[in-house]
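# Observations on the three-dimensional arrangement
If you want the building blocks of each chain, they are given just below.
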Amino acid sequence: MKRRTFLQTSTMASLIPLISQKSFSLPIGSPGKPISIASGNGLQATAKAMEIILKGGDALDGVIAGVNIVEDDPNDNSVGYGGLPNEDGVVELDSSVMHGPTHRGGAVASLQNIKNPSKVARFVMERTDHVLLVGEGALKFAKMHGFKEENLLTEESRKEWVKWKELLSKKDDYLPPHAIDDLDIGANLTEAMKTYGTINCLGLDLAGNISGVTTTSGLSYKIPGRVGDSPIIGAGLYVDNEIGAAGSTGRGEANLLDCSSFLIVESMRRGMSPTNACLVACERVATHTKEKRLLTKEGRPTFNVSFYAINKKGEYGSAAIYEGVKFAVNDGKESRLETAVGYFKIRSNED
Ligand code: GLY
């Protein structure tokens with residue numbers, strides 16, 4: 001890794017000397033110290049994953065049980081039940097799983113009415129000769145395996161969707177709530193924020209095996225059928241049992257164009273620390289973002305993408321295009337939040 005690569009940003013200039021540049025010899029077959037990390041919404045997920053890992057469980061069982069808590073949680077509107085819907089008000093979920101020791105993976109995309117897409121992704125991995133099922137086919141397959149259909153749109157998410165629709169344009173026929181005598185309705189519409197929330201959870205178990213999962217309702221108010229990075233092996237998730245694992249949250253379109261999770265694992269294979277490997281992915285996304293509509297006036301991405309990684313030794317790290325992102329870590333005790341390294345400072349005008 002050329003040090004100067006990251007010295008382009010003032011943030012990195014101060015952080016790089018703190019980050020280990022040492023390469024490590026791969027401890028193939030030897031157990032590392034157990035670890036589970038996740039995106040910032042994964043405190044409970046990492047706690048659950050570690051509970052299973054410390055009982056001698058497989059990391060895949062741990063991380064899936066962990067994210068199921070968030071998929072079931074109506075208050076997390078970025079994942080599973082209660083996720084923000086597509087532009088038609090329908091919740092569509094994406095997920096992928098990867099099991100290190102067998103190097104198998106499974107995924108589902110645009111899955112409707114099933115609140116645990118990560119469990120369905122596991123069934124795809126274990127009970128088909130395929131890796132990815134989408135849309136109606138994925139739903140049919142889930143029902144075949146006993147998953148129950150339910151409406152995933154909570155009242156809160158429905159109200160958020162209606163708000164988005166009403167604030168979208170002055171030219172359509174929807175009006176936001178207003179006083180009956182307000183004669184200037186819609187004069188100051190401010191578009192509601194779109195979000196890309198997701199959970200990624202990675203684990204290294206007592207046997208030294210690594211697995212991971214990513215699950216999401218994807219971009220809020222997306223075009224129906226839009227699929228992000230989460231269910232794409234190599235983009236939203238990648239595991240190589242001899243090296244480590246990586247996953248992502250944030251703008252899936254940017255990550256899809258760089259296969260960042262694969263890039264991170266390959267960077268760790270060449271000896272990089274998990275944090276530096278995540279920074280490589282940030283740099284790749286930043287330099288590959290060329291469309292003006294996606295760039296600030298300083299030429300930086302208008303969006304964030306965050307990466308999470310662990311290696312075979314149980315070392316972990318996270319980096320995001322912009323600073324301020326938290327991620328969850330459990331190394332055998334209580335889950336805690338740590339701060340990801342930012343490739344850019346948020347207040348770029350101070351740089
Ligand atoms: N990273 C989640 C998505 O873009 O769908």
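This text goes with the structure placed above it.
In this report, we go over the structure that sits alongside the text. No experiment lies behind these values; they were computed from the predicted model shown.

A few words now on the site of the ligand. In the region of the ligand, the neighbouring residues are Y196, T198, G218, L219, R226, G228, D229, S230, G250 and G252. D229 is positioned such that a nitrogen or oxygen atom in its side chain is 2.6 Å from a nitrogen atom of the ligand. G252 places a polar main-chain atom, nitrogen or oxygen, 2.9 Å from an oxygen atom of the ligand. When isolated, the ligand has an accessible area of 200 Å², and the protein chains bury 100% of it.

Let us now look at the packing of aromatic side chains. If you walk through the whole model with that rule in mind, you get 6 aromatic pairs. Taking 5.8 Å as the distance between ring centres and 40 degrees as the angle between the ring planes, the aromatic pair formed by Y322 and F344 counts as tilted. Highlighted residues: Y322 in strand β10 (residues 316–322) and F344 in strand β13 (residues 341–344), separated in sequence by 22 residues. On the basis of relative accessible area, Y322 is assigned to the buried category, the value being 11%. One aromatic cluster is present, built from ring pairs that chain together Y322, Y343 and F344. The aromatic ring of Y81 is capped on one face by K115, whose charged end is 5.9 Å from the ring centroid. Above the ring of F303, the side-chain terminus of R251 is found at 5.2 Å from the ring centroid.

Across the sheet, 5 strands lie side by side as β7-β8-β9-β10-β13; this open sheet has mixed pairing. Of all the strands in the sheet, just β7 (237–240) and β13 have a single pairing partner and so form its edges. Going across the sheet, the axis of each strand differs from the next one's by a mean of 15 degrees, ignoring polarity. Across 7 bridges, strand β8 (residues 244–250) lies against strand β9 (residues 305–311) in antiparallel orientation. Following the sheet pairing, A245 is matched in β9 by I310. Its contacts with the sheet place helix α8 (residues 260–269) against β7, β8 and β9, and it is angled at close to 145 degrees to β8.

Reading guide: rules and limits
Residues numbered from 1 in each chain as written. Predicted model: local features only at pLDDT ≥ 70, side-chain atom pairs only at ≥ 80, totals over all residues. Heavy atoms only, no water. Near = heavy atom within 4 Å. Polar contact = N/O pair within 3.5 Å; in protein donor to acceptor, adjacent residues only side chain to side chain. Areas by Shrake-Rupley, 256 points an atom, 1.4 Å probe, with all protein chains shown as cover. Phe/Tyr/Trp six-rings, centres within 6.5 Å; stacked < 30°, edge-to-face > 60°. Helix = DSSP H or I, 4+ residues; strand = E, 2+ residues; numbered from the N terminus. Buried < 20%, exposed > 50% of the residue type's maximum accessible area, 1.4 Å probe, protein only. Lys NZ or Arg CZ within 6 Å of the ring centre and 35° of its normal. Pairing = 2+ DSSP bridges. Axes fitted to C-alpha atoms, helices over the stretch in contact; angles between N-to-C directions. Contact = heavy atoms within 4.5 Å.

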